[in-house]
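Chain by chain, the residues:
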Amino acid sequence: MSARTVALTAVAPIAWGTTYLTTEALLPPDRPLFSAVVRALPAGLLLLAFARRLPRGAWWWKAGVLGLCNIGLFFPLLFLAAYRLPGGLAATLQATLPLAVMALAYVALGERAPGRAVVAALVGLGGVGLLVLGSPGGLDALGLAAGVASVAVAATGLVLTKRWRAPVDMLTLVSWQLVAGGLLLVPVALLVEGAPPAIDAPAALGYLWLGGVGTALAYVCWFRGLTRMSAGATALVGLLNPVVGTALGALVAGEAFGPLQGLAVALVLGGVLGGVTASQQRSTRRARPVPVAGRPAHHAQPDRTAQPDRTAQPERLREPALSRS
């Protein structure tokens, strides 16, 4: 796991951290399903036109399942949490994702997380608890439930993506999921929310940002990282999402940010750094050559400087005479 891989993967949660402020400030109110469709479907169709490759065989239904988890369910739940909770709190609820992913990855993939990575995830979860306790006023129960549910479906989609290993590049895989999830959302959005609302200039700008940077670019970076890191390590990088959401909420929207929130953000950042470092060290240990019994690891390779045994005859010359008839 290289620093470049971690940095590119981090583009996704940093972009996602802007979702909450963008939703509050620019998008039409109380339209989570419509916002999810506009965010997913145009970006997916654009990427699909670029990739020019459709699923084959079992990947038709697999792309549908991944699109449902990562897009069709995740986006509406995420927007619902963003509409009904303070941006910093809605973002920081995503800090429970690493624990959910580690548990599912252990069951579905047999991927055992390093002990320090689990501790790091718990530290990040502690940061969530501090932000929940430090939120002024009462919490919206529906928004809180939506935030927790979004974590559950995101963890399921992430682990299934790791398990199934698509036979295509990341851009193509992302396009399949965005189109599948967007198409599944269209009839639900029309049935629940009715006709699309009027889109003014700020809303158009918000949708362009969320669809281009927050979806197309972010998901390509995210799933690329997933192919190069463990599921748990990838989810730990996702803890940057609440840091960005909380910072933007405080700097731009004037949300409360005091010592308690500062401590929570520090815990989240510590969880990211500690967890990724632990996963990287474990990957490095696995990559080292296995030592030969009785020898240190650096002697495990054959000694190419040793002189050959000139008294030993080649196998061909030691064959019995009957075998050469």
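Structure: above.
Residues numbered from 1 in each chain as written. Predicted model: local features only at pLDDT ≥ 70, side-chain atom pairs only at ≥ 80, totals over all residues. Heavy atoms only, no water.

**Q** Would you take a moment to explain the overall build of the protein for this structure?
**A** Along the protein, the regular secondary structure elements total 13 helices and 0 strands. The buried share of the protein, reckoned over its 325 residues, is 47%. Pairs at least 24 residues apart make up 88% of the contacts formed inside the protein by residues separated by at least 6 positions. Accessible surface, the protein as shown: approximately 16,100 Å² in total, 66% of it carbon and sulfur. (Helix = DSSP H or I, 4+ residues; strand = E, 2+ residues; numbered from the N terminus. Buried < 20%, exposed > 50% of the residue type's maximum accessible area, 1.4 Å probe, protein only. Contact = heavy atoms within 4.5 Å. Areas by Shrake-Rupley, 256 points an atom, 1.4 Å probe, with all protein chains shown as cover.)

**Q** Just checking my understanding: could you explain the side chain of Ser-35 for this structure?
**A** Structurally, Ser-35 is set in helix α3 (residues 32-51). From its side chain, Ser-35 meets the backbone oxygen of Arg-31 in a polar contact 2.9 Å long. Not counting residues up to four positions away in its chain, the partners in contact with Ser-35 are Leu-27, Phe-79, Tyr-83 and Tyr-207. (Polar contact = N/O pair within 3.5 Å; in protein donor to acceptor, adjacent residues only side chain to side chain.)

**Q** Explain a nonpolar patch on the surface to me, please; I cannot follow it from the model alone.
**A** On the surface, a cluster of nonpolar side chains totalling about 230 Å² of accessible area is made up of Leu-68, Leu-73 and Leu-184. Among the structural elements, Leu-68 can be located in helix α4 (residues 59-84). The class of Leu-68 is partly exposed, set by a relative accessible area of 35%. (Patch = residues over 30% accessible without salt bridge, like charges linked within 9 Å, V, L, I, M, F, W, Y side chains within 5 Å. Salt bridge = Lys/Arg side-chain N within 4 Å of Asp/Glu carboxyl O.)

**Q** Whenever I open this one, the packing of aromatic side chains confuses me. Can you help?
**A** Working definition: an aromatic ring pair is given by the centre-to-centre distance plus the angle between the planes. With the rule as written, the count across this model stands at 9 aromatic pairs. Residues Trp-59 and Trp-164 carry aromatic rings whose centres are separated by 6.4 Å and whose planes lie at 85° to one another, so their mutual orientation is edge-to-face. One end of the pair, Trp-59, is in helix α4; the other, Trp-164, is in helix α8 (residues 141-164), with 105 residues separating them in the sequence. Overall, Trp-59 belongs to the buried group, its relative accessible area being 9%. Both rings, one in Trp-61 and one in Trp-164, keep their centres 5.5 Å apart while their planes meet at 75°; by these two values the pair is edge-to-face. (Phe/Tyr/Trp six-rings, centres within 6.5 Å; stacked < 30°, edge-to-face > 60°.)

**Q** Explain the environment of Ala-36 here, please?
**A** As for its position among the elements, Ala-36 is in helix α3. Judged by relative accessible area, which is 0%, Ala-36 ranks as buried. For the pair Ala-36 and Gly-72, spaced 36 residues apart in sequence, the C-alpha to C-alpha distance is 7.9 Å.

**Q** I keep staring at the side chain of Thr-22 and nothing clicks. Help me out?
**A** Residue position: Thr-22 is located in helix α2 (residues 19-26). The contact partners of Thr-22, leaving out residues within four places of it in the chain, are Leu-27, Gly-206, Trp-209 and Leu-210.

**Q** How should helix α12 (residues 240-251) be read in this particular structure?
**A** Note that an α-helix has 3.6 residues per turn; residues three or four places apart therefore point the same way. Compared with an ideal rise of 1.5 Å per residue, which puts 12 residues at 16 Å, α12 spans 17 Å between its outermost C-alpha atoms and is within 8% of the ideal. Residues Leu-240, Asn-241, Pro-242, Val-243, Val-244, Gly-245, Thr-246 and Gly-249 constitute the buried set of α12. (Expected span 1.5 Å × (residues − 1).)

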